[in-house]
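Here is what each chain is made of, one letter per residue.
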Amino acid sequence: MTPEDENLEKLERVLTEAHRVRPVPILKPGWAEQVMRDIRNVETLPNPQTCVERIVWQTAAIAAAVALIVTVSMVAWSQAPLHEGMGLLTEEFESTPLFFE
Amino acid sequence: MSVHSLPTNALSVVGLPMADESLPGRTTTDDEELLRRIGRGEIDRFADLISRYQKHVIRIVSRRVPADRVDEIAHDVFVRAYVGLAQFSRSVAFEHWLAGIAVRTCYDFWRMRKGEELPVSALTTAHQQWMDHVLASQSDDQFCEQARRREAAEVLEWALEQLSPENRAVLTLVHLEGHSVREAAHLLGWSIINVKVRAHRARQALRTILINNHWESEHDAGR
């Protein structure tokens, strides 16, 4: 081990010891009460995650309802000409002989 | 078998950090009961958890952030713990879970500070002289005396300021506090490989900082 490595190790060790003996500060009086006040506020505030979830579900429900209405109206609209077409086709079959006699 | 039912010495076998000596003697069933009551809506019972663990949290926080910010960060730790209480799986002791939140809150503090780009403090002649005293100290008593000096804390802070928040967090846990890589990974919520690589890089970075300073001071003395 070179003298430089030894010096580095010494400095590392003293800094580790300095970290270990770092004084623990004394908290301000009423600190715990302040934390509890904030915790009670957190409890009464609406949870942002819940708000987002509610918006997502509401949007999904509206989108589903719109899709259902559009589908039903499309089916209703497309059924009328289909009946008409089928009726005309039936008339055509009835009035025209299928095979030449 | 849950971790709670293991004898205390078995915790070191499974690689979990041991309980802090500053914690009052009690069983984890007390915590379980408190957590159950808080879960049922008795919010005021959280004050009991605060008084039980505030020393533990303050000790962790005060070794990581400036002294004037300890109150505020410790406050955040308990609020975060309360908000995340539903995610506490009880697979580890409550103090270990809380220690993880404390370590990550301090890490977040330095990440936020990184964005502010504050100037790094410079070492003075007094700090250089302190380093010379350290290198010249022969006995353990002299060495410990140097470690207790104000300059020791200031040089440590000066060196840590120059590290990235990630390197700082890992160096503090692994090299300064002697946690195993697995414990550090558990506390930071990172992978073991990530912590192992970071721990190596962080130590190299610290050594480079110290070497560069040594060269600079020798260069200045030579001029």
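Peer 1: Mind laying out the overall build of chain A, listing which residues take part and the relevant values?
Peer 2: Scanning chain A from N- to C-terminus turns up 3 helices and 0 strands. Helices (α) and strands (β) of chain A occur, in sequence order from the N terminus, as α-α-α. Looking at chain A as a whole, 7% of its 101 residues are labelled buried.

Peer 1: Mind laying out the overall build of chain B, listing which residues take part and the relevant values?
Peer 2: Along the backbone of chain B there are 11 helices and 0 strands. Every one of the 223 residues in chain B was classed for burial, and the buried ones make up 28%. Long-range pairs, those at least 24 residues apart, make up 67% of the contacts in chain B between residues at least 6 apart in sequence.

Peer 1: Lay out the environment of T28(B) with the relevant residues and their values.
Peer 2: Relative to the assigned elements, T28(B) resides in helix 2 (residues 28–39). Given 17 C-beta atoms within 10 Å, T28(B) falls into the partly exposed group.

Peer 1: Which residues make up the confidence of the model for chain B, and what values do they have?
Peer 2: Segments scoring low in pLDDT should not have their predicted coordinates read at a detailed level. All names here are of chain B. Residues of chain B with pLDDT of at least 70 account for 82%, and the chain-wide mean is 83. Taken element by element, the predicted model of chain B shows its lowest mean pLDDT in helix 1 (residues 8–13) (34) and its highest in helix 9 (residues 165–176) (96). In this model residues 1–27 is a low-confidence stretch, pLDDT under 50, and it forms 30 contacts with partners more than four residues away in sequence or in other chains. Predicted complex, confidence summary: ipTM 0.77, pTM 0.72.

Peer 1: Now, about the interface of chain A and chain B: what can you tell me, with residues and values included?
Peer 2: Listed by partner, the interface residues are 26 residues for chain A and 36 residues for chain B. At the level of secondary structure, the elements contributing two or more residues to the side of chain A that touches chain B comprise helix 1 (3–20) and helix 2 (31–44) of chain A.

Peer 1: Can you lay out the packing of helix 9 of chain B against helix 10 (residues 181–188) of chain B for me, pointing to particular residues and giving the numbers?
Peer 2: Angle between the axes and distance between the axes are the two parameters that describe a pair of packed helices. Residue and element names in this part refer to chain B. Two elements in contact, helix 9 and helix 10, have axes whose closest approach is 9 Å; the angle formed by their N-to-C orientations is 135°. By the angle class used here, helix 9 and helix 10 are oblique. Of the two possible hands of crossing, helix 9 and helix 10 adopt the one that is right-handed. Each of A169, V170, L173 and V174 in helix 9 lies in contact with helix 10, whose residues at this interface are V181, A184, L187 and L188. Tallied by class, residues from the contact of helix 9 with helix 10 come to 8 nonpolar, no polar and no charged.

Peer 1: Explain the nonpolar core to me, using residue names and the numbers behind them.
Peer 2: Of all hydrophobic cores here, the largest spans 54 residues; its most connected members are V57(B), V61(B), V77(B), L98(B), A102(B), V103(B) and V170(B). Other than its neighbours up to four places away in sequence, V170(B) contacts A184(B), V195(B), R198(B), A199(B) and A202(B).

Peer 1: Explain helix 6 (residues 125–136) of chain B to me, using residue names and the numbers behind them.
Peer 2: All names here are of chain B. With 12 residues, helix 6 ought to run about 16 Å at 1.5 Å a step, and its terminal C-alpha atoms sit 16 Å apart, in line with that. Buried residues of helix 6: W130, M131 and V134, and no others. In a view along the axis of helix 6, the buried residues occupy a sector of 100°, so they form one face of it. In helix 6, the exposed positions angled more than 90 degrees off the buried face are occupied by T125, Q129, D132 and A136.

Peer 1: Tell me about the packing of helix 1 of chain A against helix 8 (residues 150–161) of chain B, residues and numbers included.
Peer 2: One way to put it is that helix 1 of chain A packs onto helix 8 of chain B with a least axis distance of 9 Å and a crossing angle of 105°. The angle between helix 1 of chain A and helix 8 of chain B falls in the class roughly perpendicular. Contacts from V14(A), L15(A), A18(A) and H19(A) of helix 1 of chain A reach helix 8 of chain B at A152(B), A153(B), V155(B), L156(B) and A159(B). Class assignment for the residues of the contact of helix 1 of chain A with helix 8 of chain B results in 8 nonpolar, 1 polar and no charged.

Peer 1: An account of helix 1 of chain A is requested, with residue identities and associated values reported.
Peer 2: Residues and elements named next belong to chain A. Here helix 1 is 18 residues long and its end C-alpha atoms lie 26 Å apart, about the 26 Å a rise of 1.5 Å per residue gives. Restricting attention to buried positions, one finds in helix 1 the residues L11, V14, L15, A18 and H19. The arc that holds every buried residue of helix 1, seen down its axis, measures 145°, which confines them to one face. For helix 1, exposure combined with an orientation more than 90 degrees from the buried face picks out D5, E6, E9 and R20.

About the cut-offs
Residues numbered from 1 in each chain as written. Chains lettered and ligands numbered in written order. Predicted model: local features only at pLDDT ≥ 70, side-chain atom pairs only at ≥ 80, totals over all residues. Helix = DSSP H or I, 4+ residues; strand = E, 2+ residues; numbered from the N terminus. Buried ≥ 20, exposed ≤ 12 C-beta atoms within 10 Å, placed from the backbone. Contact = placed C-beta atoms within 7 Å. pLDDT = per-residue confidence, 0-100. Axes fitted to C-alpha atoms, helices over the stretch in contact; angles between N-to-C directions. Parallel < 35°, antiparallel > 145°, perpendicular 65-115°, else oblique. Left-handed = near helix turned anticlockwise from the far one by under 90°. Nonpolar A, V, L, I, M, F, W, Y, C, P; charged D, E, K, R; others polar. Core = buried A, V, L, I, M, F, W, Y, C linked by C-beta atoms within 7 Å. Expected span 1.5 Å × (residues − 1). Arc of directions from axis to C-beta.

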